[in-house]
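The primary structure of each chain is shown beneath.
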Amino acid sequence: MSVTDTLRTGTLAVPGARLYHEVRGSGPLLLIGQSGEGDARRTTDLVAQLADAYTVVTYDRRGLSRSALTDPDRPVTLADHADDVHLLLTSLTDRPAAMLGCSLGASIGLRLAVRHPGLLHTLVAHEPVSPRLLPAAERARHERELLDVQRRYAARGLTEAMREIARVLGIDPTCQEAEPDLTPQPMTPRRIANFDTFIRRDFTAIVGDDLRPEDLPGCGTRIVPAVGARTAPEVFDRRCADRLAELLGTTPVVFPGGHNGNTTHPRGYAATLREVLAARE
């Protein structure tokens, strides 16, 4: 078994939780911040495409899968998530790291770049779900959408909520192009429980976030806005990425697939990510 095939696991105590993480590969450290309900193994195919060149770290966000809450009554904030990543990375390295943040993972990465300067040298922010990046009226509309998803979930269950999440994020479940031979990701009881945490706790954290967009250009981290080739330009997450690019005076990098291209197109996604990371000055 090669070093790139070896899985190393660990846990880390943080305020209010205990984080589970996985490490594969060797080389410069690259953290992947997952989207939505995704845990450490949500991007297993993408990790396999990167572990020959990077030490790839994935983790279960607090409350998901193996990252148990030690204080379940404590509300979660994006600052908490950013602090979790800070503690995780500093436990693994004393050098600045790269991060790929997808959706909520990108929003956490933005908070991390401002809250803990110098921790990341590069953040690839793929379609952050960060209403604060948007003009006031548009921001308020999308915050109402997220809170409506919570209400639908509480009243009608996960199936109804997932339909609305797909609409808000521009995901067409009837047209999911994907590369062949992907690792199955069935809707297991654990994944259903992760959706519960994501919708009930993390949606509240997203809407309550107090990110100051004006702090991002001077934060010291190279931030690379990213979008999926199939994500419609008018949907919430794509609008956030485009506004982030405007704020930084750049244009988004286009990755294969749509909002979840990291899972549907891992080979093409990894190739584009390698190019972005190699372009670091």
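Given the structure is predicted, the values throughout are model-derived calculations rather than measurements. (Residues numbered from 1 in each chain as written. Predicted model: local features only at pLDDT ≥ 70, side-chain atom pairs only at ≥ 80, totals over all residues. Heavy atoms only, no water.)

All right, on to helix α2 (residues 78–92) then. The terminal C-alpha atoms of α2 lie 21 Å apart, and with 15 residues this matches the ideal 21 Å at 1.5 Å per residue to within 8%. For α2, the full list of buried residues reads Leu78, Ala79, Asp80, His81, Ala82, Asp84, Val85, Leu88 and Leu89. (Helix = DSSP H or I, 4+ residues; strand = E, 2+ residues; numbered from the N terminus. Expected span 1.5 Å × (residues − 1). Buried < 20%, exposed > 50% of the residue type's maximum accessible area, 1.4 Å probe, protein only.)

All chains considered together, the criterion is met by one cavity of 30 Å³ or more. The space that makes up the largest cavity amounts to roughly 80 Å³. The wall of the largest cavity is formed by Ser103, Val129, Leu146, Val149, Ile165, Val168, Leu169, Phe198, Phe203 and Ile206. Those elements that provide at least two residues to the lining of the largest cavity are α4 (136–156), α5 (158–169) and α6 (189–207). Grouping the constituent residues of the lining of the largest cavity by class yields nine nonpolar, one polar and no charged. (1 Å grid on protein atoms, 1.4 Å probe; cavity = no way out; pocket = protein on both sides within 12 Å on 5 of 7 lines; lining within 4 Å. Points joined across faces, edges and corners; volume = space filled by probe spheres on them. Nonpolar A, V, L, I, M, F, W, Y, C, P; charged D, E, K, R; others polar.)

Glancing now at the environment of Gln176. Within the fold, Gln176 resides in the loop between α5 and α6. Note on Gln176: relative accessible area 44%, which makes it partly exposed. Gln176 has contacts with Ile171 and Thr264, leaving out every residue within four places of it along the chain. (Contact = heavy atoms within 4.5 Å.)

It is worth spelling out the environment of Thr58 at this point. Along the polypeptide, Thr58 turns up in strand β4 (residues 55–59). The class for Thr58 is buried, based on a relative accessible area of 3%. Sequence separation of Thr58 and Ile32 is 26 residues, and the distance between their C-alpha atoms is 5.4 Å. With sequence-adjacent residues up to four places away left out, Thr58 is seen in contact with His21, Glu22, Ile32, Gln34, Ala40, Thr43 and Val47.

A few words now on the environment of Pro131. Structurally, the position occupied by Pro131 is in the loop between β6 (120–126) and α4. For the pair formed by Pro131 and Val207, sequence separation is 76 residues and the distance between their alpha carbons is 7.2 Å. Sequence-distant contacts of Pro131, that is, excluding residues within four places in its chain, are made with Arg139, Glu143, Leu146, Ile206, Phe236 and Cys240.

Think of a ball as big as a water molecule: rolled over the atoms, this probe shows where empty space is left. The volume enclosed by the largest pocket comes to roughly 710 Å³. Lining the largest pocket we find 30 residues, and of these Arg42, Ile171, Gln176, Arg191 and Asn260 sit closest to its centre. Of all elements in the fold, only α1 (44–50), α5, α6 and α8 (261–264) reach the threshold of two or more residues within the lining of the largest pocket. A total of five residues in the lining of the largest pocket trace back to one element, the largest contributor, which is α5.

The final tally for this structure, using the stated rule, is two aromatic pairs. Between Phe198 and Phe203, the aromatic rings sit 4.9 Å apart at their centres with planes inclined by 85°, giving edge-to-face as the arrangement. The interplanar angle of 35° and the centroid separation of 4.4 Å between the aromatic rings of Phe255 and Tyr269 together place this pair among those described as tilted. One end of the pair, Phe255, is in strand β8 (residues 253–255); the other, Tyr269, is in helix α9 (residues 266–278), and 14 residues separate them in sequence. A single burial state applies to Phe255 and to Tyr269, both of which are buried. (Phe/Tyr/Trp six-rings, centres within 6.5 Å; stacked < 30°, edge-to-face > 60°.)

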